[in-house]
Structures are given as C-alpha cells and as structure tokens.
Amino acid sequence: MSDLIKVKSSSYSRYEELLIKRDQYEREVESILISYTKEFGELTALIFEKKIECIRLKKTIAYCQAAINRGELVDIGAVNDRLEIEMTVYRAQLDDMLKQNQKARDSKSVSIIDIEHAKRIYRRLARKLHPDINPQTATTPELSDIWNRVVIAYKMLDPKEMTELEVLANKIIEQFGLETIEVEIPDIEERIVLLEEEIHNLITTEPYTYTDILEDPEKTGAHREKLQNDLNETEQYCSSLEKTLHELLGKGDVTNRWRMN
C-alpha cells in the first residue's frame, strides 16, 4: 500500500460523497422499482399483453389486405407462421415482465431501521474500499472479495450480513493500513461532474420518480385509475381491430378464399 498517496482536499471529499450517494440512489432505484411492480405490475402486464394482441391483429389485417389486393388466396397458416416470428420479441418482453412481477411478489419487505443501518455501514466501508476511491481494492484479492460481498449484502439490505462483513472488513482494512489512506486522483474534477450528472439523471427519471406516486395514496389511486383506463382503451381498440378483420374477410368471396391449415 506504500504506493498510495495520502492527500486531503475538498475535491476528494466531494468525490467520495458523490460516489457513495450515487450507489445509494442506485440501490433506492431497485427498491422503488420493486415497490412499483408490487403495486402496479399485474395491471401493467395486462396492458402490455393486450397491446401485443392489437399488434398481431394489425399485422394480420395488413397481410390479408395485401394478399387480397394482389388477388391471392389468404393462407392463414402462412400468416400465422410469419407472425409467430415477428411477435417473438414482444412475447419475450412480456415473459420478462411476468418474471419481474413474480420477483417483486417474492421479495421481502425491509424495515426503515434495517435500511438506515445498511446505509451507515455501507458509507463507512465505501470510503475505504470502493474501487473508484481505492484502486488497490480491484487488484488485491482479499479487498476485492470483501467489497463484492459488501455490495451484495447492501443490495439485499441484509443488516445481519452487513454487520458481520463490517467486522471482517475492518480486520482487512487494519491489515493493509487503509484507515487514513486517501488516493490522489488526477482527473477528479471531471469525475465529479460526471457523478453529478449521473445522480441528476437517476433522481429525475423513472423509476426513481415513481416515489412521488408510491408515497401519496391519492396519487397511487389516480395512477391505478389511469392504468385501468389504458387497459380499457386498449381492449376497445382490439375489439375494433377484430371487427375490421371480420369485415375484411367477409367482403365478396374473400371468406371462401380463406385457406385454413
């Protein structure tokens, strides 16, 4: 550790503060997204599933109309085969959404006390072990291992694990003489600007902005009503598309030319 330079500056303190704050906001974003998904995930998935149905109907109408315009038979088997390929991405997105919903339902609630306890421990250890503050963490197996375990425990907001890891980390910190080390960072001002921008983007975009909805019962109800209206409108649109397809296939002898597999 002798190659590290001990320095004290307001820029270093600011950089350290922003790094820890950025990590905390990232952890909060994960927690907020889980809470939002618990509250609205099922309704959001229903809306997306219905939109997928609308997309499929629109594509079916387009393919059938194109075949009719060319005076060709409408081969529903061929249309369905083509749609199955084109709809794969949407289905994968829906599957991922349903998995996230299940993950949110399975997640355990964490008390405010446990959250604050985990934050305090993380702040203490990050000032000494964060790889962007102490480059030795990335190159020293003992430090890297303990830091990775700290990050995982912090993401899980596991107070018991965090407490035990702090004891282990302090032993390693003492062993490597990190108690008072602060590293000189030549491009620190540029890093500070980037961190400030990153933090701004985190707290001014979704899902962090969901906090405003989740913390206000009136806004929570209004948002659920908005989503329900979206679902109703999408269902109505699907019904209109089904009607359009039925009318299209009912013109002239088109119905008789609809070839089923």
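As the structure is a computational prediction, the values presented were derived from the model and not from experiment.

### Some words on the packing of helix 1 (residues 10-69) against helix 8 (residues 188-204)
When two helices pack together, their arrangement is given by the angle between their axes and by how far apart the axes lie.
Stage number 1. The geometry of helix 1 relative to helix 8 is characterised by a closest axis approach of 9 Å and an angle of 25° between their N-to-C directions. Between helix 1 and helix 8, the interaxial angle falls into the category roughly parallel. In terms of crossing hand, the pair formed by helix 1 and helix 8 is left-handed. Contacts between helix 1 and helix 8 involve S11, Y12, R14, Y15, L18, L19, K21, R22, Y25, E26 and V29 on the former and, on the latter, I188, E189, R191, I192, L195, E196, E198, I199, L202 and I203.
Stage number 2. When its residues are assigned to classes, the contact of helix 1 with helix 8 shows 12 nonpolar, 1 polar and 8 charged.

### Looking at the packing of aromatic side chains
Stage number 1. Per the stated rule, a full pass over the model turns up 5 aromatic pairs.
Stage number 2. Ring geometry for Y36 and F40: centres 4.9 Å apart, planes at 50°, overall tilted. Of this pair, Y36 and F40 both sit in helix 1, 4 residues apart, roughly one helical turn. Taken as a pair, Y36 and F40 share a single burial class, namely buried.
Stage number 3. Ring geometry for Y122 and W147: centres 5.7 Å apart, planes at 40°, overall tilted. Residue Y122 is found in helix 4 (residues 112-129), and its partner W147 is found in helix 6 (residues 141-156); the two are separated by 25 residues along the sequence. Assigned by exposure class, Y122 and W147 land together as buried.

### Topic: unusual backbone geometry
Stage number 1. Here the bond from E206 into P207 is cis, since omega is 5°, no more than 30 degrees from zero.
Stage number 2. Note on placement: P207 falls in the loop between helix 8 and helix 9 (210-214).
Stage number 3. One non-glycine residue, L157, lies in the positive phi region at around 50°.
Stage number 4. One can find L157 in the loop between helix 6 and helix 7 (159-175).
Stage number 5. Classification of L157 by relative accessible area gives buried; the value is 7%.

### Considering the nonpolar core
Stage number 1. Core analysis: the largest hydrophobic core is formed by 23 residues, its most contacted members being Y15, I188 and L227.
Stage number 2. Listing elements by their share of this core, those giving two or more residues are helix 1, helix 8, helix 9 and helix 10 (217-249).
Stage number 3. Counting residues per element, this core draws most heavily on helix 1, at 11 residues.
Stage number 4. Setting aside residues no more than four positions away along its own chain, I188 makes contact with S11, Y12 and Y15.
Stage number 5. Counting 20 residues, the second largest nonpolar core, distinct from the first, contains A126, L129, W147 and V150.

### With respect to the state of the cysteines
Stage number 1. Under the definition given, this model contains 1 disulfide.
Stage number 2. Between C54 and C238 runs a disulfide, and the two sulfur atoms are separated by 2.5 Å. The sign of the -130° torsion about the S-S bond sets the C54-C238 disulfide as left-handed. Placement of the pair is C54 in helix 1 and C238 in helix 10, with a sequence separation of 184 residues.
Stage number 3. We classify C54 as buried; its relative accessible area is 3%.

What counts, and at which threshold
Residues numbered from 1 in each chain as written. Predicted model: local features only at pLDDT ≥ 70, side-chain atom pairs only at ≥ 80, totals over all residues. Heavy atoms only, no water. Axes fitted to C-alpha atoms, helices over the stretch in contact; angles between N-to-C directions. Helix = DSSP H or I, 4+ residues; strand = E, 2+ residues; numbered from the N terminus. Parallel < 35°, antiparallel > 145°, perpendicular 65-115°, else oblique. Left-handed = near helix turned anticlockwise from the far one by under 90°. Contact = heavy atoms within 4.5 Å. Nonpolar A, V, L, I, M, F, W, Y, C, P; charged D, E, K, R; others polar. Phe/Tyr/Trp six-rings, centres within 6.5 Å; stacked < 30°, edge-to-face > 60°. Buried < 20%, exposed > 50% of the residue type's maximum accessible area, 1.4 Å probe, protein only. Core = buried A, V, L, I, M, F, W, Y, C linked by side-chain atoms within 4.5 Å. Disulfide = S-S within 2.5 Å.

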